[in-house]
Amino acid sequence: MDLTINRRDFIKNGTLALTASALMTTPTWASQGKKARMAFIGVGLRGRNHVKNTLAFPEAEITAICDVDPKAIAATQDMLRKAGRKEAAVYGKSERDFENMVKRDDIDGVVIATPWEWHVPMALATMKAGKYAGLEVSATVKLQESWDLVDTYEKTGAHCMLLENVCYRRDVMAVLNMVRQNLFGEILHLQCGYQHDLREVKFNNGQQAHGGGVEFGAKAISEAHWRTQHSVDRNGDLYPTHGLGPVAEMVNINRGNQFLHLTSMASKGVGLHKYIVDNGGPNHPNAKVNFKLGDVVQTMIKCANGETILITHDTNSPRPYSLGFRVQGANGLWMDDGDQIYVEKKSKPHEWEADAEYMKTYDHPYWQQAAKEAEGAGHGGMDYFVIRDFINSVKNKTAPPIDVYDAAAWSAISPLSEESIAKGSTAIQIPDFTRGKWKTRKPVFAI
Ligand SMILES: NC(=O)c1ccc[n+]([C@@H]2O[C@H](COP(=O)([O-])OP(=O)(O)OC[C@H]3O[C@@H](n4cnc5c(N)ncnc54)[C@H](O)[C@@H]3O)[C@@H](O)[C@H]2O)c1
């Protein structure tokens, strides 16, 4: 295997060229003396993970937290005390108390980690108050919400970053480097998805966050309290951005490229009902629930520059976790499953190679410089980088690397896939949320 980077490959096409010196320029997080005053809406499992990672940054103060669950508030204050920080001001007396919190004048940025249906009302209130919104995935549930995010950003000038942590996964960032350095040649096709057995996330016993029972909704806690209802009401890709975000960065969506249209198809749905019957018995009241969500939902997107993207949503059946990435160009391809790669003239003809050496050679400078700090942050370290980029944008008052147009376009795949399935898998146009600006916007993520 020859991993020498060909200089002509490296300087590919002008717009995407990343020189070694560009990769190694002084990082923005090195800027001194500035503070980021942070607040959090939703300090459940995910929100507290962001709090924990924020505590690693001395320049980030945590001034206020909002949650309707007093236990979540107490657990967060405990974390702050143990870290030697001041307790935060508390909000959460009602479901709309976040509106009071975001008006405080000692907040610069707000991390939002609440149930999906609350994301957009909370992000809009944050932006209207002139603060940076850091929004968990997916950003939206309905198509109109994507437009609401974009319109509010354009009206207020307040930024919204989608906190898509998978964009920062070490192998994914290395592959982004491979793409930018033209290892695979012109990109043709990408695959990705969310293939995660969530049955113990969608059901619990009301006492523990995962499993132990077959309750959801009012009798359950954590994600089963709110997430499972989406599987009752909706048939589509309910969670597209973990897969789509990383590959959208590889083909410069909203920055020289654009989603054009999609087609979706769903298999039948048996997994959730089967889980209830197997674990709660056929007479459990939830055995009567009709889940609309198909077990395997596939969505194919066509892009303006000719690439296709296949996204799979697969959360109701027993299976090992995989985001199922495949990044394929005219010279070769990488596959997440099996950690394998094939590059013409480097690999033995017609044979897969292990990707480990390539991962080392193309390791992204983010990881080369801060792997140690990222250790233990959650999800293999990528959670450290996503919150670091958000804090840096807040602190330096700069545009975030994953912005409101990305939040709008990536998340819109969810309602649009529902529409396609409802119409017999017909092709659905994907709106241009940049209103034409994609033609001139330049790639910024992790450059
Ligand atoms: N990026 C990732 O890897 C990742 C991982 C897990 C979850 N998430 C996302 O994070 C979000 C939260 O997920 P979670 O697992 O923490 O769920 P969770 O149910 O554990 O936490 C949600 C919290 O929001 C609070 N909340 C609900 N309505 C509220 C309101 N109106 N005002 C204030 N607080 C309110 C709840 O009391 C709860 O504490 C979801 O959008 C989920 O998709 C992302």
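Residues numbered from 1 in each chain as written. Predicted model: local features only at pLDDT ≥ 70, side-chain atom pairs only at ≥ 80, totals over all residues. Heavy atoms only, no water.

Re the state of the cysteines
What counts here: Two cysteine sulfurs form a disulfide in these notes if their separation is within 2.5 Å. Buried residues are those whose accessible area, probed at 1.4 Å on protein chains only, stays under 20% of the maximum for their type, while exposed residues exceed 50% and partly exposed ones sit between those limits.
According to the stated counting rule, one finds zero disulfides in the structure shown. In this model Cys160 remains outside any disulfide bridge; the closest cysteine sulfur is found in Cys167, 14 Å from its own. A relative accessible area of 1% places Cys160 in the buried class. The thiol sulfur of Cys167 is not disulfide-bonded, and the nearest other cysteine sulfur, from Cys192, lies at 11 Å.

Observations regarding the environment of Ala74
Our working definition: In DSSP terms, a helix is any run of H or I states spanning at least four residues, a strand is any run of E spanning at least two, and both are numbered starting from the N terminus.
Within the secondary structure, Ala74 is located in helix H4 (residues 70-82). Owing to a relative accessible area of 46%, Ala74 belongs among the partly exposed residues under this scheme. Residues Ala74 and Val43, spaced 31 residues apart in sequence, show a C-alpha to C-alpha distance of 9.8 Å.

Quick look at the environment of Phe98
Definition in use: By definition, residues are in contact when any of their heavy atoms lie within 4.5 Å.
Within the fold, Phe98 resides in helix H5 (residues 98-101). Spatially, the C-alpha atom of Phe98 lies 8.2 Å from that of Ala125, the residues being 27 residues apart in sequence. Apart from residues lying up to four places away in sequence, Phe98 is in contact with Ile41, Cys66, Trp118, Pro121, Met122 and Ala125.

Here's the deal with the site of the ligand
Threshold: We call a residue near a molecule or strand as soon as one heavy atom of that residue lies within 4 Å of the molecule or strand. For this analysis, a polar contact is any N or O atom pair within 3.5 Å, provided that within protein one partner can donate a hydrogen and the other can accept it, and provided that sequence-adjacent residues contribute only side-chain to side-chain pairs. Classes in brief: Ala, Val, Leu, Ile, Met, Phe, Trp, Tyr, Cys and Pro nonpolar; Asp, Glu, Lys and Arg charged; the others, Gly included, polar.
In the vicinity of the ligand, 25 residues are found, and the nearest of them are Arg46, Asp67, His119, Val137 and Glu223. Contact between the ligand and Leu45: an oxygen atom at 3.2 Å from a main-chain N or O atom of the residue. Counting only elements with at least two residues in the shell around the ligand, the list comes to helix H3 (45-54), helix H6 (116-128) and helix H10 (222-233). Take the shell around the ligand: its biggest share by element is four residues, from H6. Residues of the shell around the ligand, tallied by class, amount to 11 nonpolar, eight polar and six charged.

What about the packing of helix H8 (residues 170-180) against helix H14 (residues 365-374)?
This is how it is decided: Axis lines are fitted through C-alpha atoms, for helices just across the contact stretch, and the angle between N-to-C directions can take any value from 0 to 180 degrees. Just so you know how the angles are binned, under 35 degrees is roughly parallel, over 145 roughly antiparallel, 65 to 115 roughly perpendicular, and the rest oblique.
Interaxial distance between H8 and H14 falls to 9 Å at its minimum, and their mutual angle equals 155 degrees. Relative to H14, H8 is oriented roughly antiparallel. In this structure, H8 contributes Arg170, Met173 and Asn177 to the contact, and H14 contributes Pro365, Tyr366, Trp367 and Ala371.

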